[in-house]
Amino acid sequence: MTKKLTATSRLKQDYLRFKKDPVPYIYAEPLPSNMLEWHYVVKGPEDSPYFGGYYHGTLLFPSEYPFKPPSIYMFTPNGRFKTNTRLCLSISDFHPDTWNPAWSVATILTGLLSFMLESTPTLGSTVSSPYEKKVYARKSLTFNLKNSNFRELFPNIVDEIKELLLLEQQRQNNINNNTNNKNNNNNNNLYLDNNNQQNSNSKNNKNDNPRNNNNNNIKSNNKNITDIIPINNSLNNINESNKGDNNLNNNINNKINSEFYNWQSVCSNVIIILSFAIFALIVNYILKSLNQE
């Protein structure tokens, strides 16, 4: 009984000192019904993969405290320590030989945070990537709210977490609304484009297909086949006229080709005559040269 009173008295002193000189990123409260059971919350530091997370655990002090160290547990999944498992640390009951009675609750929790930020393996530790730790940090908010001791002992943190969850929900809603608005705008634009294309196609069909319009008019007016005969006769006359024009063009081309060939013949004859004349001059020159000799 005396030992328990000693432990309780020492823990009350630790509590007063802890409230007077808070430890950064760490919150701690004893159970109102049991001074030997403390609950703590570690808030992830900004420059770590635990940032944004809240990690809830407990310290179970023996009645011999401060001469014996406490057991240390962590409840919130974190990627560094196994949950609901006694952690093997130099400040825990796994190493009573290294324990210093001068150490307080603040010293224990400071050592826990320091070891959490390292990657040194120990009994009760686990391995995970920085990305996985960040995922655990996000999930820690809703996870901790399920714990009744957490809600009872840390109401200010509960309010802080609820506000963060509300902001996150609003941000997600804004993202979803923006995405939906963008999709609706794209669908409206696509609908307008399709309507414009259909209107353009209809207009083009009316302008580019007069024969179809004539055929439709012929069908709607139930015209007799005899009405089409004069049109066919006219087309035949046009074709015969085109044939006459083609024959005329062929005759002209043939005449031009004949004259061209005649001109070529004349040029050839002139060249031959000139060649003979030059040859005659050369022969005459040679003969004169011989006579002079």
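Residue numbering note: each chain is counted from 1, following its sequence as written. The predicted origin of the model limits local features to residues at a pLDDT of at least 70 and limits the giving and counting of side-chain atom pairs to 80 or more, whereas totals for whole chains, interfaces and linings rest on all residues. The side-chain values count all of the structure's non-hydrogen atoms but skip hydrogen atoms and water molecules.

As for the nonpolar core
Quick reminder of the rule: Here, nonpolar core means buried Ala, Val, Leu, Ile, Met, Phe, Trp, Tyr and Cys residues that are tied together by side-chain atoms lying within 4.5 Å of each other. Only protein chains enter the area calculation, which uses a 1.4 Å probe; residues under 20% of their type maximum are buried, those over 50% are exposed, and those in between are partly exposed. Secondary structure counts use DSSP, requiring at least four H or I residues in a row for a helix and at least two E residues in a row for a strand, with both numbered from the N terminus.
Tyr40, Leu59, Phe61, Ile72 and Leu109 are the most contacted members of the largest nonpolar core, which has 31 residues in total. Of all elements in the fold, only helix 1 (2-20), strand 1 (26-31), strand 2 (34-43), strand 3 (54-60), strand 4 (71-74) and helix 2 (105-116) reach the threshold of two or more residues within this core. Examining the composition of this core, we find that seven residues originate from one element, helix 2, more than from any other. By size, the runner-up hydrophobic cluster in this structure holds eleven residues, among which are Tyr54, Leu141, Phe150 and Phe154.

Here's the deal with the sheet that holds strand 1
Test applied: Here, a strand pair is defined by DSSP locating no fewer than two bridges between the strands. Lines fitted to C-alpha atoms define the axes here, with helix axes fitted over just the stretch in contact, and angles between the N-to-C directions of these axes take values from 0 to 180 degrees.
Overall, antiparallel pairing links the four strands, which are arranged 1-2-3-4 in an open sheet. At either end of the open sheet lies a strand with only one pairing partner, and these are strand 1 and strand 4. Strand-to-strand twist of the sheet, defined as the mean angle between neighbouring strand axes without regard to direction, takes the value 25°. Sheet topology note: the strand 3/strand 4 ladder contains four bridges and is antiparallel.

Details of the pattern of salt bridges
Short version of the rule: Here, a salt bridge means any Lys or Arg side-chain nitrogen found within 4 Å of an Asp or Glu carboxyl oxygen.
Applying the stated rule across the entire model yields six salt bridges. For Glu160, the salt bridge is made with Lys43, and the minimal N-O distance between the two is 3.1 Å. Of this pair, Glu160 sits in helix 5 (residues 155-208) while Lys43 is found in strand 2, placing the two residues 117 residues apart along the sequence. The exposure class of Glu160 is partly exposed, given its relative accessible area of 29%. Between Arg171 and Glu168 there is a salt bridge; the shortest N-O distance is 2.8 Å. You can see Arg171 and its partner Glu168 sitting in helix 5, three residues apart, about one turn around the helix. A relative accessible area of 42% means that Arg171 is categorised as partly exposed. Taken together, the shared-partner salt bridges connect Arg10, Asp14 and Arg17 into one network.

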